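Architecture at a glance
Chain residues, written in single-letter form:
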Amino acid sequence: MGTNRRSFLKLSGLAGIGLMVGCGQENKASAKTNLDHIRLEASKKYTATFNMSGYAAPKIPTVRVGFIGVGNRGSAAVERMSQIEGVAINGICDVRAEKAIEAKARMKSAGHRAQLFTENAEHWKKMCEQEDYDLIYIATHWKLHAEMAIYAMEHGKHVALEIPAATTVEDCWRLVQTSEKTKKHCVMLENCCYDYFELLTLNLARQGFFGDIVHCEGAYIHDILESFFDAEKRFDFWRLKENATRNGNLYPTHGLGPICQILKVNRGNKMEYMSSMSSKDFMLGKKAKEMAATDKQFESYIDKPFRGNMNISNILTNNGSTIMLQHDVSSPRPYSRLHLISGTKAFAQKYPLPGKIAIGHADFLSAEEMTKLEQQYTPGIVKKIGELAKQIGGHGGMDFMMDWRLIDCLRNGLPMDMDVYDAASWSVIGPLSEWSVANGSQPIEVPDFTAGHWKNNQVHDIELARETSTISS
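Let me begin by describing the structure that accompanies this report. Quantities reported herein were computed from a predicted structural model and do not represent experimental measurements. (Residues numbered from 1 in each chain as written. Predicted model: local features only at pLDDT ≥ 70, side-chain atom pairs only at ≥ 80, totals over all residues. Heavy atoms only, no water.)

**Focus on the pattern of salt bridges**
Where we set the bar: Note on definitions: salt bridges are taken to be side-chain nitrogens of Lys or Arg within 4 Å of carboxyl oxygens of Asp or Glu. In this text, helices come from DSSP runs of H or I with a minimum length of four residues, and strands from runs of E with a minimum of two, each type numbered from the N-terminal end.
Scanning all chains against the criterion turns up 32 salt bridges. Note that R80 and D403 form a salt bridge whose closest N and O atoms lie 2.6 Å from each other. With R80 in helix α3 (residues 73–81) and D403 in helix α14 (residues 398–412), this pair connects stretches of sequence that are 323 residues apart. Through salt bridges with shared partners, one network takes in K143, E242, R246 and E434.

As structure tokens, then:
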């Protein structure tokens with residue numbers, strides 16, 4: 001063996017040792033990296049002041065709700081919420097007055113005061129400061145989510161906010177600390193956790209149907225390229241701006257949320273570390289140049305460091321299960337959330353539709369066998385509100401079921417299905433993936449936002465063990 005070859009192997013061995021240290025996140029004083037602020041924030045440790053997991057706030061018989069941001073999803077939420085018993089819509093806020101007016105017109109029941117807050121970009125604070133609100137429902141663009149949620153909690157309000165809850169590690173921690181300090185719920189509105197097939201597989205997992213969970217996969221693959229350049233669909237082109245400056249999995253929670261519930265993340269299990277890689281951008285840069293040729297407002301986007309089309313992120317959990325996530329919102333391909341569960345006894349996958357289940361390697365269960373499985377394992381929440389949710393709608397009913405459960409828990413003083421630790425740990429994958437992509441797919445530790453409470457926290461109730469009475473009005 002030549003000297004050069006021996007030197008190479010020696011250096012390779014040292015590099016391998018260094019990589020192992022990186023995986024364990026033991027070398028906190030390592031050299032500065034790209035996007036080093038993300039690594040530094042992720043390595044910080046905090047002491048919990050209160051455990052919000054399983055916390056039941058005092059009952060609120062009539063939940064007084066204020067909406068911030070009703071240009072798109074928020075307006076649909078106003079319509080859904082107006083049909084739930086025990087809800088009083090007291091305020092609607094948007095920087096575009098016409099959107100607030102349109103949202104108010106969508107209400108399906110009478111008796112809602114629905115004061116409009118549209119004077120300026122800071123008028124939402126006025127709503128949060130008033131006493132006659134219990135819940136602030138936030139559906140603005142991403143960068144405002146954490147700021148608004150923190151302000152609302154500091155002013156004594158529970159919070160429900162659209163996904164992701166935050167775009168930085170620091171803001172994820174601020175959400176956790178504020179929720180603990182104020183004892184106000186901070187619920188991220190991850191509607192896919194209320195998808196009927198996802199709920200079925202969750203119950204199957206809890207009943208041991210899959211055996212030990214070996215591996216899960218989730219995704220958000222949705223061709224929304226054209227909407228990035230449409231000011232009506234994306235106010236102030238906010239999503240284009242996100243994709244022009246950040247490279248990673250910017251929207252992880254649709255695929256990740258249901259998987260984390262199946263793997264009991266934050267409730268008996270936790271995510272340890274992750275690594276991520278992105279393809280190059282094949283679409284967004286070209287589209288920006290094409291648009292700039294006829295519209296000068298897009299000239300500033302020429303040659304921006306756009307996010308790569310496909311991002312793939314891999315996560316290891318404390319109990320040894322693995323997770324693979326995908327994110328692509330600019331390639332021309334069919335929609336997919338790729339809900340995949342692989343266990344030692346059974347397998348499930350949705351996308352392509354419909355969702356299918358297999359026992360063994362031979363083939364998927366027949367339609368008749370699936371029907372029997374659904375009859376046996378459909379959880380209580382679907383049995384109680386599922387058909388009504390389909391009638392009212394919102395992504396096939398899962399949006400309404402999500403809103404209904406949020407209100408039902410507040411009215412009956414029940415713990416939330418998704419707490420602030422879920423909001424933080426599912427959302428933090430965004431900035432962590434950015435760091436990993438920028439540093440050659442190196443692994444990075446996933447912060448434990450529960451500060452160790454994950455070991456004893458209990459899973460949320462999908463059977464409605466405590467009977468509730470909230471219905472549609």
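**Examining the sheet that holds strand β5 (residues 158–161)**
Our working definition: For two strands to pair, DSSP has to find at least two bridges joining them. Helix axes are fitted only over the stretch in contact, all axes being lines through C-alpha atoms; the angle between N-to-C directions runs from 0 to 180 degrees. Only heavy atoms enter the contact rule, under which two residues are in contact if any of them lie within 4.5 Å.
With respect to topology, six strands assemble into an open sheet ordered β3-β2-β1-β4-β5-β6, the strand pairing being parallel. With one partner strand each, in any of the chains shown, β3 (115–117) and β6 (186–188) form the two edges of the open sheet. Across the sheet, the axes of successive neighbouring strands diverge by a mean angle of 20°, strand direction being ignored. Direction of pairing for strand β2 (residues 87–93) relative to β3: parallel, over a ladder of three bridges. Paired with C93 across the strands is F117, a residue of β3. Contacts between helix α6 (residues 145–154) and the sheet are confined to β1 (63–68), β4 (135–138), β5 and β6, with β5 contributing the most and set at about 165° to the helix. Sitting on the sheet, α14 is in contact with β1, β2, β4, β5 and β6, with an inclination near 160° to β4.

**Examining the environment of G91**
Condition: Exposure is judged per residue with a 1.4 Å probe applied to protein chains only, and the accessible area is read against the type maximum: over 50% gives exposed, under 20% gives buried, and values in between give partly exposed.
Looking at where G91 falls in the secondary structure, it is placed in strand β2. Overall, G91 belongs to the buried group, its relative accessible area being 0%. The sequence separation of G91 and I68 amounts to 23 residues, and the corresponding C-alpha distance is 8.5 Å.

**Some thoughts on the packing of helix α13 (residues 380–392) against α14**
Here is the rule we go by: Angles below 35 degrees are treated as roughly parallel, those above 145 as roughly antiparallel, those between 65 and 115 as roughly perpendicular, and all remaining angles as oblique. Crossing handedness follows the turn of the near helix against the far one: under a right angle anticlockwise gives a left-handed crossing, and clockwise gives a right-handed one.
Here α13 crosses α14 at 125°, and the two axes come no closer than 8 Å. The pairing of α13 with α14 is recorded here as oblique in orientation. For α13 against α14, the interelement crossing comes out right-handed. Where α13 approaches α14, its residues I381, V382, K384, I385, G386, L388, A389 and I392 are matched on the opposing element by F400, M401, W404 and R405.

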